[in-house]
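For reference, the chains in residue letters:
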Amino acid sequence: MILLRRLLGDVLRRQRQRQGRTLREVSAAARVSLGYLSEVERGQKEASSELLSAICDALDVRMSEVMREVSDELSLAELAASEPVRPVLVEPVPVPAGAPDRMPSLVPKASAMDVVAA
């Protein structure tokens, strides 16, 4: 399950780290406790719209920019979760006559020890 609060926390943390700021600096500027901001960044607490606004103001970043980044990550996560893994079929490549002598083998040759061990 994709948790929106975790994606939001990741984006807020990256924004803060890009600026080289500490949790203490941002929590003081946003007037939120350091522990609570830490929990928001780790995706353990939901940020209210008021709190998110205060954090964005403290980071001097538009809330729409943060939400756009969250939306982009959510889209990628949804795609990754919904796409089944499909095997890739590889067509054999025709080898011209005499080519094996000139081309290195991509598959290691089995030795007598490999055959005995198997």
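Fair warning: this is a prediction, and the values are worked out from it, not measured in the lab.

What follows concerns the nonpolar core. In this structure, Leu8, Leu12, Leu37, Ile55, Leu59, Val66 and Val70 are the most contacted members of the largest nonpolar core, which totals 19 residues. Mapped onto this core, the elements with two or more residues apiece are helix H1 (4-18), helix H2 (23-30), helix H3 (34-41), helix H4 (49-59) and helix H5 (63-82). It is H4 that provides the largest number of residues to this core, a total of six residues. For Leu59, the residues in contact, after removing those within four places along its chain, are Leu12, Gln15, Arg16, Gln19, Arg21 and Val26.

Here we take up H4. For H4, the full list of buried residues reads Leu51, Leu52, Ile55, Cys56, Ala58 and Leu59. Projection of H4 onto a plane perpendicular to its axis shows the buried side chains occupying an angular sector of 160°, all on one side. Summarising the geometry of H4, the exposed residues directed more than 90 degrees from the buried face are Ser49, Glu50 and Asp57. Of the residues one or two after H4, Asp60 is the one with positive phi, at around 55°.

Here the focus is the environment of Leu51. Residue position: Leu51 is located in helix H4. The class for Leu51 is buried, based on a relative accessible area of 12%. Expressed as a C-alpha distance, the spacing of Leu51 and Val32, which sit 19 residues apart in the sequence, is 7.9 Å.

Let's shift gears to the packing of H4 against H5. Viewed as axis vectors pointing N to C, H4 and H5 meet at an angle of 105°, and their least axial separation amounts to 9 Å. As far as their axial angle goes, H5 and H4 are roughly perpendicular. Residues Ser49, Leu52, Ser53 and Cys56 of H4 form the contact with H5, whose own contacting residues are Met63, Val66 and Met67. The residue inventory of the contact of H4 with H5, partitioned by class, reads five nonpolar, two polar and no charged.

Rules behind the numbers
Residues numbered from 1 in each chain as written. Predicted model: local features only at pLDDT ≥ 70, side-chain atom pairs only at ≥ 80, totals over all residues. Heavy atoms only, no water. Core = buried A, V, L, I, M, F, W, Y, C linked by side-chain atoms within 4.5 Å. Buried < 20%, exposed > 50% of the residue type's maximum accessible area, 1.4 Å probe, protein only. Helix = DSSP H or I, 4+ residues; strand = E, 2+ residues; numbered from the N terminus. Contact = heavy atoms within 4.5 Å. Arc of directions from axis to C-beta. Axes fitted to C-alpha atoms, helices over the stretch in contact; angles between N-to-C directions. Parallel < 35°, antiparallel > 145°, perpendicular 65-115°, else oblique. Nonpolar A, V, L, I, M, F, W, Y, C, P; charged D, E, K, R; others polar.

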